[in-house]
Amino acid sequence: MQSARLSRYAWMAVGPLALFLVWYAVHLAGLVTPKLLPSPVRTLQSVWTHTTTGGMGADFLRTLWRTLQAFVIAAAFGVPIGIIIGASEKLYRSIEFLIDFFRSTPATAMFPLFMIIFGLGDFSKIAVAAFAAWLVVLFNVAYGVMNARQTRILAAKVMGASRARIFKDVMFYECLPQTFVGLRTAVSLALVVIVVAEMFIGSDDGLGKRIIDSQITFDLPQLYGTILVSGILGYGLNLIFLGLEKWLVHWSGRA
Amino acid sequence: MTMAQRQRQEAAPAGASFPDLRWFPPGTHITVRGLKKSFDGNPVYVGFDIDLPKGKIVSIFGPNGCGKSTFINMVAGLLPIDAGQILFEGKTIADTRIGYVFQNYREALFPWLRAIDNVHYPLRLMGIPKAERDRRIAELVAGFDLKFDLNRYPYQLSGGQQQTVSIMRSLVIEPEVLFLDEPFSALDYEMTLIMRDQLQKVLVARGVTTVLVSHDLEEAVYLADKVLMLTRRPSRIADYMDVDLPRPRDPSTLTDARFIELKARTLEVFQNAVRAS
Ligand SMILES: Nc1ncnc2c1ncn2[C@@H]1O[C@H](COP(=O)(O)OP(=O)(O)OP(=O)(O)O)[C@@H](O)[C@H]1O
Ligand SMILES: [Mg+2]
């Protein structure tokens, strides 16, 4: 058991290590000019110095904070509305097109609109990200409700559960697995939109701002380093949600 | 029997020009009168009458798609009827405590609750306090021959164990009527044999009126006090046969001469019913 887990982690490390080695080899062999591709060691050094003295930690936290705000707004509006939409076939049919349309529209294309509505401040970035993430939550929750096992609902009904009890005791749990899929996708999407917004809407801080600044000053180690850090942030958020899901929705995929 | 029921029985038809449909013969639990049901204009029941006896097990057997599930779902109040009347000793379904065991146990149990909490659930709905629930469940468990831990989640149990939990969940409220729609058809043969005997033991001990749909003729006869055979749709009664085998029945019953005779008769009725249409 213990050794099986160890070997799993060992295998998981193979890919990243290989990437690191290939990157290093390409750099050493001079296949790409060092101006465009700094060595991985140089990149990690840059992350280290910018984190300890250059305020990258603060940028990381700003981006994380904006992402979380957008996510919380998306979840707070997405889950209840999703349940309502999913519970009514007619309601769902009537707005299915709108949901699919806006889900397919790049959220970043709406920056100008949100800037007009919410101004140039922080909130317009959060609002765009929240909007994009909200659609994902909404869609997944509604889908989860619509695909609730009919037999379980009948079982509760036959045991004498009221409509309210069926909702609270059965529907809620039935759509939980799909809700988590939505929440996990939403948090990743929120991060993407926030970083892009920090890059292009104009921002005083955040990882996106740092990326665009390093591009302008041609500080490639910092550019690569910040991309790495954004990736780690996204991966970490995903991991947290996977863990939560495994813990809270233990029956997912098994029943 | 309540006063009202007794009065209804005494005021029984015997030539009455306006028969009271709520009258039921003694020993009868469920009366179905003039039942009609069609799906999208395709009739499944066109005026169906039957009496189901109290405290007995009735198996329903018939060709695929003849309306067995439709019938028990209508009687259990899960499916609206187009016309007719279904009463339980004169009461409606709303005033009757029922249990229902689904064929698909995987989709009928709540996987977010442990097996034991699944059994608690109907009692919680009734607002029964924890101590009383525990007492009733302990009593129920004593009647079963459980070889697994009820503190597991349903997905950690085998199919037979899950269906056992389903049956416990339906019995814990001490239902007046128990409905089972092909409860063992998703289990392997060995498990089916064990489950049949388990079910027979519990039902006979508790004297629950039971309506069982089975697509296995052997099972239908083995468990039943009466076998209701249906024709192709629109469904009519092909035969409503008494099974006078002594209880408890056990696997040796399967080779008993009387059992084989009854089974042969039901098979013949079934074949005639299928051929007739
Ligand atoms: N919801 C429905 N909508 C339309 N037709 C239905 C519906 N439910 C059942 N039917 C039809 O009514 C008939 C009876 O169905 P039912 O499920 O009661 O049959 P059954 O005897 O239980 O069959 P099986 O042996 O396959 O379980 C079938 O022909 C079926 O196609
Ligand atoms: Mg059926």
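Source: prediction; values computed, not measured. (Residues numbered from 1 in each chain as written. Chains lettered and ligands numbered in written order. Predicted model: local features only at pLDDT ≥ 70, side-chain atom pairs only at ≥ 80, totals over all residues. Heavy atoms only, no water.)

## Observations regarding the overall build of chain A
Phase 1 of the analysis: In terms of helices and strands, chain A carries 11 helices and zero strands.
Phase 2 of the analysis: Shown N-terminal to C-terminal, the secondary structure of chain A runs as helices and strands in the order α-α-α-α-α-α-α-α-α-α-α.
Phase 3 of the analysis: Projected onto its principal axes, the C-alpha coordinates of chain A cover approximately 70 × 55 × 30 Å.
Phase 4 of the analysis: Considering chain A as a whole, with its 255 residues, one finds that 41% of them fall into the buried category.
Phase 5 of the analysis: Across chain A, contacts joining residues at least 24 apart in sequence account for 73% of those joining residues at least 6 apart.
Phase 6 of the analysis: Here chain A displays about 14,000 Å² of accessible surface, and carbon together with sulfur accounts for 71% of that area.
Phase 7 of the analysis: For chain A, the distance from the average site of its 21 positive side-chain charges to the average site of its 13 negative ones is 9 Å. (Helix = DSSP H or I, 4+ residues; strand = E, 2+ residues; numbered from the N terminus. Buried < 20%, exposed > 50% of the residue type's maximum accessible area, 1.4 Å probe, protein only. Contact = heavy atoms within 4.5 Å. Areas by Shrake-Rupley, 256 points an atom, 1.4 Å probe, with all protein chains shown as cover. Lys, Arg positive; Asp, Glu negative; His and termini not counted. Charge placed at Lys NZ, Arg CZ, Asp CG, Glu CD.)

## Remarks on the environment of Pro106(A)
Phase 1 of the analysis: Mapping Pro106(A) onto the fold places it in the loop between α4 (89-104) and α5 (111-118).
Phase 2 of the analysis: For the pair Pro106(A) and Val249(A), spaced 143 residues apart in sequence, the C-alpha to C-alpha distance is 31 Å.

## Some remarks on the site of ligand 1
Residue and element names in this part refer to chain B.
Phase 1 of the analysis: As a matter of local geometry, ligand 1 sits amid Phe39, Asp40, Val44, Asn64, Gly65, Cys66, Gly67, Lys68, Ser69, Thr70, Glu182 and Arg233.
Phase 2 of the analysis: In this structure, Asn64 approaches ligand 1 through a side-chain N or O atom, which is 3.0 Å from an oxygen atom.
Phase 3 of the analysis: If ligand 1 stood free it would expose 640 Å²; the protein chains cover 60% of that surface.
Phase 4 of the analysis: At three residues, helix α2 (residues 68-75) tops the list of elements feeding residues into the shell around ligand 1.
Phase 5 of the analysis: Split by residue class, the shell around ligand 1 holds three nonpolar, five polar and four charged. (Near = heavy atom within 4 Å. Polar contact = N/O pair within 3.5 Å; in protein donor to acceptor, adjacent residues only side chain to side chain. Nonpolar A, V, L, I, M, F, W, Y, C, P; charged D, E, K, R; others polar.)

## Remarks on the sheet that holds strand β3 (residues 57-61) of chain B
Residue and element names in this part refer to chain B.
Phase 1 of the analysis: Strand order in the open sheet formed by six strands is β5-β6-β7-β3-β8-β9, with mixed pairing between adjacent strands. Looking at strand neighbours, the two that pair on one side only are β5 (98-101) and β9 (237-242), the edges of this open sheet. Here the strands of the sheet are splayed against their neighbours by 15° on average, with no regard to which way each runs.
Phase 2 of the analysis: With five bridges connecting them, strand β6 (residues 177-181) and strand β7 (residues 209-213) associate as parallel partners. Residue pairing across strands places Val177 opposite Thr209, the latter belonging to β7.
Phase 3 of the analysis: Running at roughly 170° to β9, helix α8 (residues 257-276) makes contact with β3, β8 (226-230) and β9 of the sheet. (Pairing = 2+ DSSP bridges. Axes fitted to C-alpha atoms, helices over the stretch in contact; angles between N-to-C directions.)

## Here's the deal with the interface of chain A and chain B
Phase 1 of the analysis: If you look at the interface, chain A gives 20 residues, while chain B gives 18 residues.
Phase 2 of the analysis: Interface area lost by chain A to chain B is led by Arg152(A), Val158(A) and Met159(A), which between them contribute 34%.
Phase 3 of the analysis: Taken together, the connections running from chain A to chain B amount to one salt bridge.
Phase 4 of the analysis: With a closest N to O distance of 3.2 Å, Glu107(B) and Arg149(A) form a salt bridge.
Phase 5 of the analysis: Seen at the junction of chain A and chain B, the total is seven residue pairs in polar contact (both at pLDDT 80 or more).
Phase 6 of the analysis: Those elements giving two or more residues to the side of chain A that touches chain B turn out to be α7 (150-158) and α8 (163-174) of chain A.
Phase 7 of the analysis: It is α7(A) that provides the largest number of residues to the side of chain A that touches chain B, a total of seven residues.
Phase 8 of the analysis: For the side of chain A that touches chain B, the class distribution of residues is 10 nonpolar, three polar and seven charged. (Buried area = accessible area lost by both parts, 1.4 Å probe. Salt bridge = Lys/Arg side-chain N within 4 Å of Asp/Glu carboxyl O.)

## Observations regarding the confidence of the model for chain B
All names here are of chain B.
Phase 1 of the analysis: Averaged over chain B, the pLDDT score is 88; the fraction of residues at 70 or greater is 91%.
Phase 2 of the analysis: In this model, residues 1-18 is a region of pLDDT below 50 whose contacts with residues beyond four sequence positions or in other chains number 14 contacts.
Phase 3 of the analysis: Under the prediction, the complex receives an ipTM of 0.83, its pTM being 0.81. (pLDDT = per-residue confidence, 0-100.)

## Topic: the packing of helix α2 (residues 40-52) of chain A against helix α11 (residues 220-248) of chain A
Any two packed helices are characterised by how steeply their axes cross, that is the angle between the axes, and by the distance between the axes.
Residue and element names in this part refer to chain A.
Phase 1 of the analysis: α11 packs onto α2 with a crossing angle of 75° between their chain directions and a minimal axis gap of 8 Å. Taken together, α2 and α11 sit at an angle that is classed as roughly perpendicular. Here Arg42, Thr43, Leu44, Ser46, Val47 and His50 of α2 lie close against α11, whose contacting residues are Pro221, Gln222, Tyr224, Gly225, Leu228 and Val229.
Phase 2 of the analysis: Classifying every residue of the contact of α2 with α11 by side-chain character gives six nonpolar, five polar and one charged. (Parallel < 35°, antiparallel > 145°, perpendicular 65-115°, else oblique.)

## Side note on a positive patch on the surface
Phase 1 of the analysis: Taken together, the side chains of Arg5(A), Arg8(A), Lys246(A) and Arg254(A) make up a positively charged region of the molecular surface.
Phase 2 of the analysis: Mapped onto the fold, Lys246(A) is located in helix α11. (Patch = residues over 30% accessible without salt bridge, like charges linked within 9 Å, V, L, I, M, F, W, Y side chains within 5 Å.)

## Brief notes about empty space enclosed by the protein
Phase 1 of the analysis: All chains considered together, the criterion is met by two cavities of 30 Å³ or more.
Phase 2 of the analysis: There is about 70 Å³ of room inside the largest cavity.
Phase 3 of the analysis: Lining the largest cavity are Ala155(A), Val158(A), Met159(A), Ile98(B), Gly99(B), Tyr100(B), Phe102(B), Arg169(B), Ser170(B) and Ile173(B).
Phase 4 of the analysis: Those elements that provide at least two residues to the lining of the largest cavity are α7 of chain A together with β5 and α5 (159-171) of chain B.
Phase 5 of the analysis: In terms of residues, the lining of the largest cavity owes the most to one element, β5(B), which gives three residues.
Phase 6 of the analysis: Residue classes in the lining of the largest cavity are distributed as seven nonpolar, two polar and one charged.
Phase 7 of the analysis: Within this model, the second largest cavity holds a volume of roughly 50 Å³.
Phase 8 of the analysis: Taken together, Arg254(A), Ala255(A), Tyr105(B), Arg106(B), Leu109(B), Pro111(B), Pro154(B), Tyr155(B) and Gln162(B) form the lining of the second largest cavity.
Phase 9 of the analysis: When the residues that make up the lining of the second largest cavity are grouped by side-chain class, the tally is six nonpolar, one polar and two charged. (1 Å grid on protein atoms, 1.4 Å probe; cavity = no way out; pocket = protein on both sides within 12 Å on 5 of 7 lines; lining within 4 Å. Points joined across faces, edges and corners; volume = space filled by probe spheres on them.)

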